Amino acid sequence: MGSFFTGVESPGMIDWATMPTYNTVMSVAVGAGLLAVVLFYRELRLAGGAAGTADSGRSTWRSGRHVLNTDGWALTFGVLGLILTLTGLHMTLTWPLAAGGFAFDNVIFGETSLAFGVLMLAAAWYLWKRGSDLEADVDPLGRAASTVRPLSIFIAGLGLALFAIALAGSVYQLFAAPAQEPISGAFADYPVIEATFMSLLFALVGLGAVLFPFAVRQVLGTPADSPARGAAVSVTGVVWTITGIVFVLFGAMNFYTHIGLIVNTM
């Protein structure tokens, strides 16, 4: 049980000076980003005709008021998008994980994070420039769906890419942590476990991305005074909520496990 929380010591196993690793913060940012997309959709849906209005004698920002505040969402998407764009771009262009024999991780984590980061930066820029228009619109959800519809083609393409990553992870049993890594390394002799776990995560995120264009179509096909319903909207919201929570928790745990791996192998 001791090695479960500490990992196996192998001094000098990895030259960390040649292999900077930062997919910890990337995982937290990806999870937070997925949750932010779902919560922003919910806020757009609840705002509806109430956007930009306020009752006299009541706070605009408290107790059941569903008034859209795009400033907070611009900051959220901007912060997360900047983290993922910078780390994803560096990983995509320099392949830092190749030195340790994990070249495939540069594609899996770097390119997907870069794409998601740029999408969130685009959302942040739009909300910063056009947020007031969105807040004043009687149908902010419809306006947002109409704006993002052309991008849904790229988002669906990323979903297919995530399916391919999930398939590669299962076929080649990728993602398995070495025995030197605490907690995750306890399953080093059973690589299929972490390969299945991570592949399922990527596949679920990909499912939401592939369904995204259909979800946008369902929103635009629903009258403004009716809630958007349909399998694509519901499934996308559910899978992105679940995977968002898991990525945040898994990334947070990896701050401990990756530090332990570095201590055990430096």
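Only a predicted model underlies this, so the values are computations on that prediction, with no experimental measurement involved.

Explain the packing of aromatic side chains to me, using residue names and the numbers behind them.
Under the definition given, this model contains 11 aromatic pairs. With a centroid separation of 6.3 Å and 50° between ring planes, the pair formed by F109 and F202 is classed as tilted. On the criterion of sequence distance, the pair formed by F109 in helix 4 (residues 103-136) and F202 in helix 7 (residues 191-220) is long-range, its members being 93 residues apart. Under the relative-accessibility criterion, F109 is labelled buried at 16%. Ring geometry for F175 and F202: centres 5.8 Å apart, planes at 15°, overall stacked. Taken as a pair, F175 in the loop between helix 6 (152-171) and helix 7 and F202 in helix 7 lie far apart in primary sequence, 27 residues in all. Overall, the relative accessible area of 6% leaves F202 in the buried class.

I'd like a rundown of the side chain of T87, residues and numbers included.
With respect to the helices and strands, the residue T87 is situated in helix 3 (residues 70-94). In contact with T87, other than residues within four places in its own chain, are Y22 and M26.

Calculation notes
- Residues numbered from 1 in each chain as written.
- Predicted model: local features only at pLDDT ≥ 70, side-chain atom pairs only at ≥ 80, totals over all residues.
- Heavy atoms only, no water.
- Phe/Tyr/Trp six-rings, centres within 6.5 Å; stacked < 30°, edge-to-face > 60°.
- Helix = DSSP H or I, 4+ residues; strand = E, 2+ residues; numbered from the N terminus.
- Buried < 20%, exposed > 50% of the residue type's maximum accessible area, 1.4 Å probe, protein only.
- Contact = heavy atoms within 4.5 Å.

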